[in-house]
Amino acid sequence: MPIQILSPQLANQIAAGEVVERPASVVKELVENSLDAGANRIQIDIENGGASLIRVRDNGFGIPKAELALALARHATSKISHIDDLDAILSLGFRGEALASISSVSRLTLTSRTQEQSEAWQVYAQGLEMETTVKPASHPVGTTVEVENLFFNTPARRKFLRSDKTEFAHIDEVIRRIALAKSAIAFTLTHNGKVVRQYRSALDDAQKLKRVAAICGDDFIRHALQIQWKHEDLHLSGWVASPTFYRAQNDLNYSYVNGRMVRDKVINHTIRQAYAEYLGNEQYPAFVLFLDLNPNEVDVNVHPTKHEVRFHQSRLIHDFICQGIINALSSEQAELFAAQT
Ligand code: ADP
Ligand code: MG
């Protein structure tokens, strides 16, 4: 075969292999878009573990009619415009590939209305065919993205879908992870028409603690030591469980960098080290930790899923987190905190 440039749709499908692993990855991308759009209410409806339907509806600022079709195009984003913007990313998205990738392996309908428009508009794309005509629709200010028949045109990937129950469990975990970090936002998650999670907007500390308890369990909160640790531009906050509340599996580990959920080696290694003198081999610490730092101190453009980050001064970050946790673990806070709750 001679060398040829792939069609945009085929390029999207290949890119989708990196971003869209399973229904839960679609949910993550869509909810992050809603958050970037300033929504404070997000509803996620799932049918059959996401294989037949994923619908995310928000009350964010919407997409203007003229930009609707563009939102589905690859490398189309409203979040960065210059290479330097990458040094100070505050939005969750910036690569402009989620909607293009998802629509190339599903049937995607995008309906949106901005504050300035008196009516809503809709575009849809189905696999390799993109219907770029924009149709009038009915929708309040905000956006709804509907993803039907995920992987219908990529049977090899569809085969990798697990049972509805398993896929939904992954979706549920994505929502829990996001809801922990975005306590001011109200989330509703339904599966096959039944409400499975409902998190009301939490504005004060007591309500925030309630949300953490709803997600991590009352037991976690009872054993949690609160962290507020600062050094220059670095800020570590959240909760670490006292070592008596260790887990037999590494299943209660939530870490965030500038509000973005991450699975970072430096952070995970640091936390293990901070607990080293308390925990044995098969014992895992439970924690919810938020690291905030100057966005130009961290590179989030490491992988398309943006789960990994790279710190410019990883040694400094390591020492900072480690000290913060050791300080919390060795303090008398445990009783104090338990007494309050
Ligand atoms: P990215 O988030 O990296 O910019 P996406 O493919 O996820 O790329 O989205 C493309 C663009 O579509 C976004 O930059 C944004 O302008 C618009 N968009 C997507 N979802 C929403 C939403 N829920 N509300 C408002 N705008 C949205
Ligand atoms: Mg996005």
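- The protein chain appears in an unreviewed UniProt entry as DNA mismatch repair protein MutL from Caviibacterium pharyngocola.
- Quoted straight from UniProt, the Function (unreviewed entry) entry for the protein chain says "This protein is involved in the repair of mismatches in DNA. It is required for dam-dependent methyl-directed DNA mismatch repair. May act as a 'molecular matchmaker', a protein that promotes the formation of a stable complex between two or more DNA-binding proteins in an ATP-dependent manner without itself being part of a final effector complex."
- According to the UniProt record, the Sequence similarities (unreviewed entry) comment for the protein chain reads "Belongs to the DNA mismatch repair MutL/HexB family."

1. Some details on the sheet that holds strand β9 (residues 224–231)
Here is step 1 of the chain: Across the sheet, which stays open at both edges, the five strands sit in the order β9-β10-β13-β11-β12 with mixed pairing between neighbours. The outermost strands of the open sheet, each flanked by one partner alone, are β9 and β12 (260–261).
Here is step 2 of the chain: Pairing of β9 with strand β10 (residues 234–241) involves eight bridges; the strand directions are antiparallel. When the sheet's bridge partners are listed, Ile227 is paired in β10 with Gly238.
Here is step 3 of the chain: Contacting β9, β10 and β13 (287–292), helix α10 (residues 314–330) runs over the sheet at an angle of about 140 degrees to β9.

2. Re unusual backbone geometry
Here is step 1 of the chain: The backbone phi angle of Asn48 is positive, close to 50 degrees, even though this residue is not glycine.
Here is step 2 of the chain: Tracing the sequence through the fold places Asn48 in the loop between β1 (41–47) and β2 (53–58).
Here is step 3 of the chain: Exposure remark for Asn48: the relative accessible area of 34% places this residue in the partly exposed category.
Here is step 4 of the chain: The phi angle at Asn258 is positive, at roughly 50 degrees, despite the residue not being glycine.

3. Quick word on the packing of aromatic side chains
Here is step 1 of the chain: Evaluation of the coordinates by the stated rule reveals two aromatic pairs.
Here is step 2 of the chain: Aromatic side chains Tyr256 and Phe290 sit 4.8 Å apart centroid to centroid with 25 degrees between the ring planes, which places their arrangement in the stacked category. Of the two residues, Tyr256 sits in strand β11 (residues 253–257) while Phe290 sits in strand β13, which places them 34 residues apart along the sequence. One exposure class covers both Tyr256 and Phe290, and it is buried.
Here is step 3 of the chain: When the ring centre of Trp121 is taken as reference, the NZ or CZ atom of Lys65 above it lies at 3.9 Å.

4. Comments concerning the site of ligand 1
Here is step 1 of the chain: As a matter of local geometry, ligand 1 sits amid 19 residues, with Asn33, Thr77, Ser78, Lys79 and Gly96 nearest to it.
Here is step 2 of the chain: Between ligand 1 and Lys79, the relevant distance is 2.7 Å, taken from an oxygen atom to a side-chain nitrogen or oxygen of the residue.
Here is step 3 of the chain: Separating an oxygen atom of ligand 1 from a backbone N or O atom of Phe94 is a distance of 3.0 Å.
Here is step 4 of the chain: A total of 530 Å² of accessible area belongs to ligand 1 in isolation, and the protein chains cover 94% of it.
Here is step 5 of the chain: Of all the secondary-structure elements, those providing two or more residues to the shell around ligand 1 are α2 (23–36) and α4 (98–104).
Here is step 6 of the chain: Looking at side-chain class alone, the shell around ligand 1 contains seven nonpolar, eight polar and four charged residues.

Parameters and conventions
Residues numbered from 1 in each chain as written. Chains lettered and ligands numbered in written order. Predicted model: local features only at pLDDT ≥ 70, side-chain atom pairs only at ≥ 80, totals over all residues. Heavy atoms only, no water. UniProt positions renumbered as here; feature names shortened; annotations may be inferred. Pairing = 2+ DSSP bridges. Helix = DSSP H or I, 4+ residues; strand = E, 2+ residues; numbered from the N terminus. Contact = heavy atoms within 4.5 Å. Axes fitted to C-alpha atoms, helices over the stretch in contact; angles between N-to-C directions. Buried < 20%, exposed > 50% of the residue type's maximum accessible area, 1.4 Å probe, protein only. Phe/Tyr/Trp six-rings, centres within 6.5 Å; stacked < 30°, edge-to-face > 60°. Lys NZ or Arg CZ within 6 Å of the ring centre and 35° of its normal. Near = heavy atom within 4 Å. Polar contact = N/O pair within 3.5 Å; in protein donor to acceptor, adjacent residues only side chain to side chain. Areas by Shrake-Rupley, 256 points an atom, 1.4 Å probe, with all protein chains shown as cover. Nonpolar A, V, L, I, M, F, W, Y, C, P; charged D, E, K, R; others polar.

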